[in-house]
Amino acid sequence: MNRFDRLLRPRSILVVGGGAWGAEVLHQCQKIGFQGDLWVVHPTKDSIAGLTPFRSLDDLPHAPDATYIGVNRHATIKIVRDLAAMGAGGAICFASGFREAVQEDAAGADLQDALLDAAGDMPIIGPNCYGLLNYLDGATLWPDQHGGVPVDTGVALITQSSNIAINLTMQARGLPIAYVVTVGNQAQTSFADIGRGLLDDPRVTALGLHIEGVGDLRAFEALAKAARQKGKPIVALKMGKSDQARASTVSHTAALAGSDAGARALFQRLGVGQVQSLSAFLETLKLLHVIGPLPSANVASMSCSGGEVSLMADAAHGSDVTYPTLSDPQRTALRAVLGPMVALANPLDYHTYIWGNVDAMAATFTAMMDARMSLGVVVLDFPRSDRCNAAAWEPVIEAVAKAQDASGKPVALLSSLVENMPEDIAKHLVDRGILPLCGIPEAMEAIGVASTVLNGTMDPTDLLLPDEDASQPAVLGEAAAKQALREFGVHVPLSQSVHTIDGLADAGQAIGFPIALKGEGIAHKTEAAAVAVDLLTIDQVVAAAKRMRCSSFLVEQMVTDVVAELLVGVVRDPAHGFVLTIAAGGVLTEILADRVHLLVPATRADIAAALGQLKAFPLLTGYRGRPAADVQAIIDAVLAIQSYVIAHRPQEVEVNPLLCLPHGAIAADALIIKGCTS
């Protein structure tokens, strides 16, 4: 039995507090038809929402499964303590003024600690939250209006925003919602804990998370693993993009990683789908509820309008959706139905010749659904029900149902505008096992995300978590950083540090020409004119040194035969672990913004796949007859840098550029920012 069972799926509900909020909780339970015991405690009132209050907790017939505490923060603590002592199943703590208010009220943190102590092992949600809606069992511990209705199965939603939770319940897209839970301060119970409790319900098909931050990484890993084991996908809309990942502005890596890179890498690794808007959030969850995860984003698009075909074709650009070219068997089958006047392609404009002919439309849709397709999409906007008659659109629904049965593959109906999929039709389609999609951009995003969920590279190796925040970072210069990385297997050029101009001649002779000269103690050397390359004589070396505003120099072997330059960096992200960035390198790395993010530890296969995602990857494989780079040596270099990070857990490491050669990979520049613990 899950520790949240009684709280999430109660047979008895108690409301403590007879104000407007508490009375509304009772009203919502009555409105939805809660079938269990419904009680209220109030010391003086004789009637609340038509119920006779008990005067105290001691008067209750037995310990309640779920309690909604709608009193002030000080009284909340005592009630929680009494509920825990009597063996209650859990409580929603509505009151605010706890840790979220510490800037205005220093007592808030102490009160939240007292609340946790009072609860003990009894689950509490909040404080500072609206509560939960269980549409499966008609249990609405919720102090306000909401737009949901009872369902038999559906998706579960968790959000840190009570107002957004209300907005989500008002959706009219035909999405069956099973649960809505707001988590507030997450003082005791995190959204990951609640998520596991929701996934344990066999009636829940998918989980949606609207969150500001991941919080406990280990708990989030456990949630993702539980979802994978149950085959129930998670979709996340992450808000509150902060600058946590920007540990420093000294390197390019911090700027490239940005504020959201860690979250994106984490979701990808764990097989959690990430969307960018509330609309796509709902559409993706609806797709996953009706169909489940897609094996790919290969789509067969069908419409009776050339304009809609263009919209669908353009919408796929920049998305993960692909339209496979029609095969010869597909063309033969389509030509037999549509005749010679229709141009055959994917997306397909089947024209209006067969409009209203169920069998012909079904044959067309079925012919499009060959083995390569994961989803068929028929574009169909329904007319306004208050001004028009939709009877002529019903044959398309029947044709889609027949095509779905004949092909054994899902076929969706997509309205190009969200408002052109009436809610009653959307619900009817869901009941028939047909996916209604609302809005082309949202649909494209939903299809792409649905093809990636549950497909993460999660392995038994846990993420590397940062130590406590380092308070005294120290920057290692280039020579020291290279030496540190060299000890872990990173190849570096032959070099010498020289502290006087007079020493440059001996260093140059020892290294051999051509030479690269760098000023030491400067982070962005190129911008500071502290780099000179291809120096062929001592006189050139000395002249270059005199132009630099520094007194210490690095004389370095000039690496030739370079195929490409990469950046490899790791940033310590307190919220998500260590973010490993692989990017097109050199002085233009931030302008090019060609990068992929992973989390440490990454496997050899992860790194190889990341390299393949770079726009610069063709340079590594021999672009237009140029020599190819040693990709395995590049991967070795990335793994060596990662080994240093695992051993020392610095705030930041950057190699830029990593020179990619036909045989080998060499770190031409390096920077390490160590923390006080590394």
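Residues numbered from 1 in each chain as written. Predicted model: local features only at pLDDT ≥ 70, side-chain atom pairs only at ≥ 80, totals over all residues. Heavy atoms only, no water.

So, a nonpolar patch on the surface
Logical step 1: Residues Val587, Leu588, Ile591 and Leu592 make up a contiguous nonpolar surface patch of about 420 Å² in total accessible area.
Logical step 2: Leu588 gets classed as partly exposed once you look at its relative accessible area, which sits at 45%. (Patch = residues over 30% accessible without salt bridge, like charges linked within 9 Å, V, L, I, M, F, W, Y side chains within 5 Å. Areas by Shrake-Rupley, 256 points an atom, 1.4 Å probe, with all protein chains shown as cover. Salt bridge = Lys/Arg side-chain N within 4 Å of Asp/Glu carboxyl O. Buried < 20%, exposed > 50% of the residue type's maximum accessible area, 1.4 Å probe, protein only.)

A closer look at the sheet that holds strand S14 (residues 348-349)
Logical step 1: Strands sit in the order S14-S13-S15-S16-S17 across an open sheet of five strands; the sheet is parallel. Edge positions in the open sheet fall to S14 and strand S17 (436-438), since each of these has one partner strand only.
Logical step 2: Examined bridge by bridge, strand S16 (residues 411-415) and S17 share three bridges and lie parallel to one another. When the bridges of S17 are listed, Leu413 appears paired with Pro436. (Pairing = 2+ DSSP bridges. Helix = DSSP H or I, 4+ residues; strand = E, 2+ residues; numbered from the N terminus.)

Describing the pairing of strand S11 (residues 234-238)
Logical step 1: Burial analysis of S11 places five of its five residues in the buried class, which makes it a mostly covered element.
Logical step 2: Residue alternation in S11 divides its side chains into two sets, Ile234, Ala236 and Lys238 and Val235 and Leu237, and both sets are buried.
Logical step 3: The pairing of strand S10 (residues 204-211) with S11 spans five bridges and is parallel. In the sheet register, His210 faces S11, and the bridge partner there is Leu237.
Logical step 4: In this region the chain leaves S10, passes through helix H7 (residues 217-230) and returns to the parallel neighbour S11; the handedness of that crossover is right-handed.
Logical step 5: Summarising the sheet, S11 and strand S12 (residues 273-274) pair through two bridges and their orientation is parallel. Considered in S12, the bridge of Ala236 is made with Gln274. (Right-handed = clockwise from strand over helix to strand, strands pointing away.)

A short note on the packing of aromatic side chains
Logical step 1: Inspection of every chain in the model, using the stated rule, returns 11 aromatic pairs.
Logical step 2: For the ring pair Tyr68 and Phe94, a centre distance of 5.9 Å and an interplane angle of 35 degrees mean the geometry is tilted. Here Tyr68, found in strand S3 (residues 66-69), pairs with Phe94, found in the loop between strand S4 (91-93) and helix H4 (107-119); they are 26 residues apart in sequence, far enough to count as distant.
Logical step 3: Given the relative accessible area of 0%, Tyr68 is considered buried. (Phe/Tyr/Trp six-rings, centres within 6.5 Å; stacked < 30°, edge-to-face > 60°.)

Re unusual backbone geometry
The general pattern is negative phi for most residues beyond glycine and trans for most peptide bonds.
Logical step 1: In this chain, Gly126 is followed by Pro127 through a cis amide linkage whose omega measures 0 degrees.
Logical step 2: Within the fold, Pro127 resides in the loop between strand S5 (124-125) and strand S6 (132-134).
Logical step 3: Residue Pro514 is bonded to the preceding Phe513 through a cis peptide linkage, with omega at 0 degrees.
Logical step 4: By secondary structure assignment, the location of Pro514 is in the loop between helix H18 (504-511) and strand S20 (515-519).
Logical step 5: One non-glycine residue, Arg649, lies in the positive phi region at around 50 degrees.
Logical step 6: Here Arg649 lies in the loop between helix H23 (631-648) and strand S26 (652-661).

Interpretation in functional terms is not warranted from these geometric data alone.
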